[in-house]
Amino acid sequence: MALTKHSQITLNDGHKIPVVGLGTYAPQECPKSLAGEAVKVALEVGYRHIDSAFIYGNEVEVGQAIREKIADGTVKREDVFYTSKLWSTYHTPQLVRTCLEKSLKDLQLDYIDLYLIHVPIEFKPGDDLFPTNESGKPIYHNTDIRDTWKAMEDLKEAGLVKSIGVSNFNHKQLELILNMPGLRYKPVCNQVECHLYLNQSKLLEFCKSHDIVLEAYGVLGSTRDVKWVDQSLPILLDDPVLNTIAKKHGRTPAQVAMRQMLQRGIVVLAKSFKPERIKQNLEVFKFELSEEELKILNGQNLDQRFVDIS
């Protein structure tokens, strides 16, 4: 089936996710207003999937942008697929709903389409979102992730979220949830770093075998945030193979990087705050890579992460 900007994948709970979304993460020093402006541009040019998170600190701006575009008739609420994420200081079952309600209040929305456990690592609960000890090491906490998942299932049953999933999980962490007694809802997706240099083929295979959608962030490399990313790593969009194929199609390297993931059945998040780029990234549906080109691109895998979340 040909991919178009209206293409969606049906999740294992029956809801549908648009295959391309706008990512809104930015380093701390970026003004939060940029995320709001990017969301407005994205909705105007045809994106219907917006990805954010409690920890990004931009849900006030993102929510306002979505509501403005609803108010001016660009979209209806049900047209917009919005994702948020449970932060690591809220894994204790009784805090899960608290985190979601903070997001809903910031967004001024009645529900969230997809709610993810952001990271399978828990920090000590409290007001400090990155708690550390005297020597600067993170202070962890040890809630069983399955108890956190039960609280996520409660949110779905309460109608506050349509779908629930995870982010940054490996197959063993996913199995913990999939094999838990009394499971009510499987994760619908696993959002992970995935790109030319980290193609996640084994994890993709595992997720597909359990009807879990793999959703990719960092598809264009990364924001190269000094806090998370080793600055000596190669710049993905400068990759010669990627550029050769892009030239052949008269496309940008970013479009080819996205198209590779889409043709592998992966949902793609593309992040840009530049109106021209936001628009350009949605033109990924105007061309197709051959099987041979896909094979060449898949061969560029280095198992190289840009984001170290451990």
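Residues numbered from 1 in each chain as written. Predicted model: local features only at pLDDT ≥ 70, side-chain atom pairs only at ≥ 80, totals over all residues. Heavy atoms only, no water.

Draft legend 1. Looking closely at unusual backbone geometry. With a phi angle near 65 degrees, Asn168 is a residue other than glycine that sits in the positive phi range. Among the secondary structure elements, Asn168 is positioned in the loop between strand E7 (161-167) and helix H5 (171-178). Of the residues examined, Asn168 reaches a relative accessible area of 14% and is grouped as buried. (Helix = DSSP H or I, 4+ residues; strand = E, 2+ residues; numbered from the N terminus. Buried < 20%, exposed > 50% of the residue type's maximum accessible area, 1.4 Å probe, protein only.)

Draft legend 2. Region of the structure containing the pairing of strand E9 (residues 213-217). Burial within E9 is extensive, with 5 of its 5 residues counted as buried. Neither face of E9 is exposed, since Val213, Glu215 and Tyr217 on one face and Leu214 and Ala216 on the opposite face are all buried. In this sheet, strand E10 (residues 267-270) lies alongside E9 in parallel orientation, the contact comprising 2 bridges. Bridged to Ala216 within E10 is Val268. (Pairing = 2+ DSSP bridges.)

Draft legend 3. Summary view of the sheet that holds E7. Read once around its circumference, the closed barrel built from 8 strands follows the order E3-E4-E5-E6-E7-E8-E9-E10, with strand pairing classed as parallel. Across the sheet, the mean angle separating the axes of adjacent strands is 30 degrees when strand polarity is ignored. Note: E7 against strand E8 (residues 189-193), 2 bridges, orientation parallel. Bridge pairing in E8 places Ser167 opposite Gln191. Packed onto the sheet, helix H3 (residues 93-107) meets strand E5 (81-86), strand E6 (112-117) and E7 and runs at close to 140 degrees relative to E6. (Axes fitted to C-alpha atoms, helices over the stretch in contact; angles between N-to-C directions. Contact = heavy atoms within 4.5 Å.)

Draft legend 4. Quick look at the UniProt feature "active site" (unreviewed entry) in the chain. The UniProt record annotates "active site" (unreviewed entry) at Tyr56. Considering the arrangement of structural elements, one finds Tyr56 in the loop between strand E4 (49-51) and helix H2 (59-71). Among all residues touching Tyr56, those that are not within four sequence positions of it are Thr24, Tyr25, Lys32, Asp51, Lys85 and His118. (UniProt positions renumbered as here; feature names shortened; annotations may be inferred.)

Draft legend 5. Here's a closer look at the packing of aromatic side chains. In the structure shown here, the tally under the stated rule is 6 aromatic pairs. Residues Phe54 and Tyr90 carry aromatic rings whose centres are separated by 5.4 Å and whose planes lie at 80 degrees to one another, so their mutual orientation is edge-to-face. Here Phe54 is found in the loop between E4 and H2, whereas its partner Tyr90 is found in the loop between E5 and H3, with 36 residues between them in sequence. Each member of the pair, Phe54 as well as Tyr90, is classed as buried. A ring pair is formed by Phe123 and Phe130, whose centres lie 6.2 Å apart and whose planes are at 50 degrees; its orientation type is tilted. Judged by its relative accessible area of 13%, Phe123 falls in the buried class. Looking at Phe130, the relative accessible area reads 31%, which means it is partly exposed. The structure contains a cluster of three or more aromatic residues connected by ring pairs, namely Trp87, Phe123, Phe130 and Tyr140. In this structure, Arg77 packs its charged tip against the face of Tyr111, placed 4.0 Å from the ring centre. Taking NZ or CZ as reference, Lys162 lies 4.4 Å from the ring centre of Tyr111, over its face. (Phe/Tyr/Trp six-rings, centres within 6.5 Å; stacked < 30°, edge-to-face > 60°. Lys NZ or Arg CZ within 6 Å of the ring centre and 35° of its normal.)

Draft legend 6. Seen up close, the side chain of Glu153. Mapped onto the elements, Glu153 comes out in helix H4 (residues 145-157). Within the local environment of Glu153, its side chain forms a polar contact with the backbone nitrogen of Tyr185, the two atoms lying 2.9 Å apart. In contact with Glu153, other than residues within four places in its own chain, are Ile164, Met180, Leu183, Arg184 and Tyr185. (Polar contact = N/O pair within 3.5 Å; in protein donor to acceptor, adjacent residues only side chain to side chain.)

Draft legend 7. Spatial organisation of the environment of Leu176. Structurally, the position occupied by Leu176 is in helix H5. Among the residues examined, Leu176 registers a relative accessible area of 36% and is labelled partly exposed. Setting aside its immediate chain neighbours within four residues, Leu176 contacts Ile145 and Arg146.

Draft legend 8. Structural detail: the UniProt feature "site: Lowers pKa of active site Tyr" (unreviewed entry) in the chain. As recorded in UniProt, the feature "site: Lowers pKa of active site Tyr" (unreviewed entry) lies at Lys85. Looking at the element boundaries, Lys85 is found in strand E5. Once residues lying within four places of it in the same chain are set aside, the contact partners of Lys85 are Asp51, Ser52, Ala53, Phe54, Tyr56, Cys99, Tyr115, Leu116, His118 and Gln191. Engagement of the side chain of Lys85 in a polar contact is seen with the backbone oxygen of Ser52, the distance being 2.8 Å.

Draft legend 9. Summary view of H3. Counted at 1.5 Å a residue, the expected span for H3 with its 15 residues is 21 Å, and the 22 Å between its end C-alpha atoms agrees. For H3, the complete set of buried residues consists of Val96, Cys99, Leu100, Ser103, Leu104 and Leu107. Along the axis of H3, the buried positions cluster into a sector of 135 degrees, meaning they face one direction only. Pointing more than 90 degrees away from the buried face of H3 are the exposed residues Gln94 and Lys105. Among the structural elements, H2, E5, E6, H4 and E7 are those in contact with the buried residues of H3. Looking one or two residues beyond H3, the residue adopting positive phi is Gln108, at roughly 60 degrees. (Expected span 1.5 Å × (residues − 1). Arc of directions from axis to C-beta.)

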